[in-house]
Amino acid sequence: MSGRLLRLACTAAVAVGTVLAPLPAAAVPEPGGRPVSELLTDLQRRYREAEQATETYDATEEKLTRQRAEVERLDKELARTRISLDDSRSAAGRLARQQYQNSTEISSYVRLLLARDPQQALDEGHVIGQVARERALTLGRLAGTEKRADELARRARKALDDQLALAERQKKDRDAVRKRLRDVEALLVSLTPEQLAAVARLEKDGVDQAQQRFLASGAPSDDGKPSGGADRAVRYAVRQLGKPYRWGAQGPASYDCSGLTSQAWRHAGTPIPRTSQEQWARLPRIPLNRLRPGDLVLYFPRATHVALYVGNGMVIQAPRTGEQIKVSPIASYPILGAVRPNATQPPAKEAG
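The sections below set out a description of the structure shown in this document. All figures in this text were calculated on a predicted structure; none of them were measured in a lab.

Quick look at the overall build of the protein chain
Within the protein chain, the regular secondary structure consists of 8 helices and 6 strands. Start at the N end of the protein chain and walk to the C end: the helices and strands fall as α-α-α-α-α-α-α-α-β-β-β-β-β-β. Within the protein chain, the fraction of its 352 residues that count as buried is 41%.

Digging into the environment of Gly-251
Assignment of secondary structure puts Gly-251 in the loop between helix 6 (228–239) and helix 7 (257–267). Judged by relative accessible area, Gly-251 falls into the partly exposed class, the value being 35%. A C-alpha to C-alpha distance of 7.8 Å links Gly-251 and Gln-263, two positions 12 residues apart in sequence.

Let's talk about helix 5 (residues 193–216)
Taking 1.5 Å of rise per residue, 24 residues should cover 34 Å, and helix 5 covers 35 Å from first to last C-alpha, within 8% of that figure. Of all the residues in helix 5, the buried ones are Gln-195, Ala-197, Ala-198, Val-199, Arg-201, Glu-203, Val-207, Ala-210, Gln-211 and Phe-214. Just downstream of helix 5 lies Gly-218, where phi reads positive at about 90°.

Some details on the nonpolar core
Core analysis: the largest hydrophobic core is formed by 34 residues, its most contacted members being Trp-265, Leu-296, Leu-298, Ile-316 and Ile-325. When contributions to this core are tallied by element, the ones reaching two or more residues are helix 2 (36–101), helix 4 (118–189), helix 6, helix 7, strand 2 (296–299) and strand 3 (305–311). At 6 residues, the largest contribution of residues to this core is made by helix 6. Of all hydrophobic cores here, the second largest spans 16 residues; its members include Ala-219, Val-297, Tyr-299 and Phe-300.

Some thoughts on the pattern of salt bridges
The full count for this structure, using the stated rule, is 19 salt bridges. Among the salt bridges present, the one from Glu-72 reaches Lys-76, with a minimum N-O distance of 3.4 Å. Within this pair, Glu-72 and its partner Lys-76 are both found in helix 2, separated by 4 residues, close to a single helical turn. Where Arg-73 meets Glu-77, a salt bridge forms, and the shortest distance between an N and an O atom there is 3.0 Å. Of this pair, Arg-73 and Glu-77 are both found in helix 2, 4 residues apart, which corresponds to roughly one turn of the helix. Note on Glu-77: relative accessible area 13%, which makes it buried. Here the salt bridges do not stand alone but share partners, grouping Asp-42, Arg-45, Arg-46, Glu-49 and Arg-180 into one network.

Here we look at the pairing of strand 4 (residues 314–317)
Pairing geometry for strand 3 and strand 4, over 3 bridges, is antiparallel. When the sheet's bridge partners are listed, Tyr-309 is paired in strand 4 with Val-315. Following strand 3, the chain reverses through 2 residues before pairing antiparallel with strand 4; Asn-312 in that reversal takes a positive phi of roughly 55°. As paired elements, strand 4 and strand 5 (residues 326–329) share 4 bridges and run antiparallel to each other. Within strand 5, the residue paired with Gln-317 across the bridge is Lys-326.

Thresholds applied
- Residues numbered from 1 in each chain as written.
- Predicted model: local features only at pLDDT ≥ 70, side-chain atom pairs only at ≥ 80, totals over all residues.
- Heavy atoms only, no water.
- Helix = DSSP H or I, 4+ residues; strand = E, 2+ residues; numbered from the N terminus.
- Buried < 20%, exposed > 50% of the residue type's maximum accessible area, 1.4 Å probe, protein only.
- Expected span 1.5 Å × (residues − 1).
- Core = buried A, V, L, I, M, F, W, Y, C linked by side-chain atoms within 4.5 Å.
- Salt bridge = Lys/Arg side-chain N within 4 Å of Asp/Glu carboxyl O.
- Pairing = 2+ DSSP bridges.

Right, here's the structure in full:
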């Protein structure tokens, strides 16, 4: 199964021109006295900072979406409570008017003493007592509804304040992403085509070496057979090959890294957290030597990048700004670990 999925992924990748290919040979320039290795390190750092800022923005966006839903829920509940409060106040007003109109009547005790038919007077007294109890219940409901309305109003105000604070934070996070991307763009613009080719070739050589070391380590030793859900997640990711990376995007026209993985598993019937950090923190972890298609591979110490494993040491990923969703070696970035969204067992600990 995993081999067939990988062939499907690679075939689709070739069709959209996204499989990595060797770059033409070029001299290794030293712009401004900086070695190409230093340029590559600088560029990778800036890409990593941009992606970290993107994941922070995504997390804030997710919180803001939930907070907007909470504000809407509280507003609707408050509106219903206020309608109920108006009804209770109307009922209390009727009781007050009735009590005022009957205030000149003699007491039920005197009426009992003067009554020609004491039993009838007792029956009337029972009715009067029932009315009094109903009045007490009405007033109790009024007090309770007023208290609930006040509490809901307080919560609604706080929820709105939280929403406004999140909206402000979202703007700051958005500006942080844009700044990081401008830093990347500024560095790229400063390089000549030859310098860019040299940097790209050095990066590819580094990935090739890391991939060889990873495969030689015996992880993954056996791709295994994906579950039905994992199979659907992989097929969804394959259909997205060639679409552009865009920070904050969740499809269908473009994606960022965690937007792709979260949507793939959502379409497979297993909703998972939106961001790569939350996917790493909340999903069951598995050892790398137990990887199978559909698992998620997390990268960098702070889990700021994620890809979908498709078998034979390859992943589908939305790499970074300016690139397209593609099939890549699993060791394209420093691996942090892996998670399995549809695992039923407790999270497994990494060996070593």
